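So you can see what is in the structure, the chains are spelled out below.
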Amino acid sequence: MYNRHMTNISVWSLADTHPDQGLDVLAEVDVLVVGAGAAGVAAATVAAEAGRSVLIVERYGFAGGAAVAGMSGTICGLYLASESHREPRQVVAGFTERFRSELLARGGLTGPQVYGKTWTVAHDPLRWRETADDLLERADVKILYHTAVTGVVLDGDAHRGVVVESNAGRAVILAARTIDASGDAAVVARAGYRYTFGDGGVIQNPTMFFRLGNVDVRRFKEFYGEDTICPPYVTEAIDQARAEGMDLPRRKIWIFTTSRPGELLVNATRLQGRDGRLLNVIDPADFTEAEVLGRRQVRSYARFLTERIPGCEDAFVLDTGVEAGIRQTRTITGVERLTNHDVLAARKRPDGICRVPWPIELHAGEKPKLTWLLDDYYEVPYGTLVPERGENVIVAGRCLSAEHEALASARVTAQCFEYGHAAAMATLLSLDKDVAYRELDGRDVRASMAANGSALSPS
């Protein structure tokens, strides 16, 4: 039985890796990256291209994380929001732009689509995986798919690597530096360092994306409109269907066209426990409940679309995410914290390592709550990636140190690519200078990123 409030920490010392314990050292590298989502792919590629030995581990058999396994399906966070400019203005570059361009060249990305007051682009999950594989292999990153982290190797408070598990058994990977790009702070948590769950334990609910095939997209768009956020008359149709007994808990849904003909990407479900509680997918019991209920809701929303939305009459569900779409789990306690005020004030930082123009997109209740940042962006400080404790470890991705509402803006894909980029640049500086992550000047990390193509002015 799982205890919903229990924290189990698996901490290994160097002594535990002795052959008498039956754990072989599988590899010893300069840089270990845990998780092959957007942040992990960026971190591993950039670090390896600088000549460092890099190994990336991923529990699935492919890269992509929430973007692919969770089928979030869009690269959000590229463009400014505006009420006056009706053309997309991209303000994020660096590794984000590099990946976007490669996806586009493969035919795996749409052009900008209207999303309320801003824009986003939708990607093909297969092309995403292929793009990641090629980038990692070209950079000479060693890849271990189907491999999960189950523990950490510590020497006092210094990270020396991780314990991994696969069908081959358990083994140890040793590394001079570890980048926790798991999205769930898997390494940081297993070391016993502090983290939080949302706002006093209240986190954003997961969702279950799905793709709908055999759609007459022209007729659909004539009815639905250009905005991917549904118009009021679609919400009214949902309300009517709910009154008739359909299981449609979310009234405001989002639908995107994709790079493939006759296909739509649908973000419509709202997942909570059968008893009404918020689900925390760190708990496998909650994760399982989210998966089962998510697939059930997909059937309901697909029925709604085929019965009531023009162009979808002959459509069918192609697939759902491999897992429920995860917006939030653990948030590390970092050297610095991105605050709600930083976001709302569009604060710029001399140590900022990423621009964020995305709104506060808070998923709670029957419809998402959007707080727009108009014609502006804020910057995330470097210290949000550095845990308050522990040596030789840094995070990249949605587990960065941030207040609840701030994270609801900062967690999206375009920024996760750049967090990985920042973690790699910080790792290279840390190794080259033989200094701890927290001793680095964030302005130097920023300058390195700017020199490597990020849209950041030199420090």
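Residues numbered from 1 in each chain as written. Predicted model: local features only at pLDDT ≥ 70, side-chain atom pairs only at ≥ 80, totals over all residues. Heavy atoms only, no water.

A count of helical and extended segments in the protein chain gives 11 helices and 21 strands. Taking 459 residues into account, the globule formula puts the C-alpha radius of gyration at 23 Å, and the protein chain, at 21 Å, falls close to it. Principal-axis analysis of the C-alpha atoms places the extent of the protein chain at approximately 65 × 50 × 40 Å. When the 459 residues of the protein chain are sorted by exposure, 59% land in the buried category. In the protein chain, the proportion of contacts linking residues at least 24 apart, taken out of those at least 6 apart, comes to 75%. (Helix = DSSP H or I, 4+ residues; strand = E, 2+ residues; numbered from the N terminus. Rg over C-alpha atoms; globule rule 2.2 N^0.38 Å. Buried < 20%, exposed > 50% of the residue type's maximum accessible area, 1.4 Å probe, protein only. Contact = heavy atoms within 4.5 Å.)

Once that is clear, we can look at helix 6 (residues 232–243). With 12 residues, helix 6 extends 17 Å from end C-alpha to end C-alpha; this agrees with the ideal 16 Å at 1.5 Å per step. Buried within helix 6 are the following residues: V234, T235, I238 and A241. Each buried residue of helix 6 lies within a common arc of 120° when the element is viewed along its axis, so the set occupies one face. What points out from helix 6, more than 90 degrees from its buried face, is the exposed set P232, E236 and A243. Buried residues in helix 6 make contact with helix 5 (217–224) and helix 7 (284–308). Just downstream of helix 6 lies G245, where phi reads positive at about 105°. (Expected span 1.5 Å × (residues − 1). Arc of directions from axis to C-beta.)

What follows covers the pattern of salt bridges. This model, assessed by the stated rule, comprises 36 salt bridges. The shortest N-O distance in the salt bridge between D157 and R389 comes to 3.0 Å. Of the two residues, D157 is situated in the loop between strand 8 (148–155) and strand 9 (158–166) and R389 in the loop between strand 20 (378–381) and strand 21 (393–395); the sequence distance between them amounts to 232 residues. Overall, the relative accessible area of 30% leaves D157 in the partly exposed class. The residue E263 makes a salt bridge to R260 at a minimum N-O spacing of 3.2 Å. Note on E263: relative accessible area 5%, which makes it buried. (Salt bridge = Lys/Arg side-chain N within 4 Å of Asp/Glu carboxyl O.)

Here we come to the packing of aromatic side chains. One pair of aromatic rings is described through two measures. These are the centre distance and the angle between the planes. A complete count under the given rule lists 12 aromatic pairs for this structure. With a centroid separation of 4.5 Å and 45° between ring planes, the pair formed by F99 and W128 is classed as tilted. Within this pair, whereas F99 is found in helix 2 (residues 94–105), its partner W128 is found in helix 3 (residues 125–138), the two being separated by 29 residues in sequence. Grouping aromatic residues by their ring pairs yields a cluster made of F95, F99, W128 and F417. When the ring centre of F62 is taken as origin, the NZ or CZ atom of R129, which lies over that ring, is 5.0 Å away. (Phe/Tyr/Trp six-rings, centres within 6.5 Å; stacked < 30°, edge-to-face > 60°. Lys NZ or Arg CZ within 6 Å of the ring centre and 35° of its normal.)

The subject of this paragraph is the domain arrangement of the protein chain. With domains assigned, the protein chain is organised as domain 1 (13–201 + 329–452) and domain 2 (209–320). Each of domain 1 and domain 2 was reduced to a C-alpha centroid, and the two centroids are 28 Å apart. Contact with domain 1, which involves 28 residues of that partner, is made by 25 residues of domain 2. Where domain 1 touches domain 2, the interface holds 4 residue pairs in polar contact (both at pLDDT 80 or more). (Domains from an automatic or database assignment. Polar contact = N/O pair within 3.5 Å; in protein donor to acceptor, adjacent residues only side chain to side chain.)

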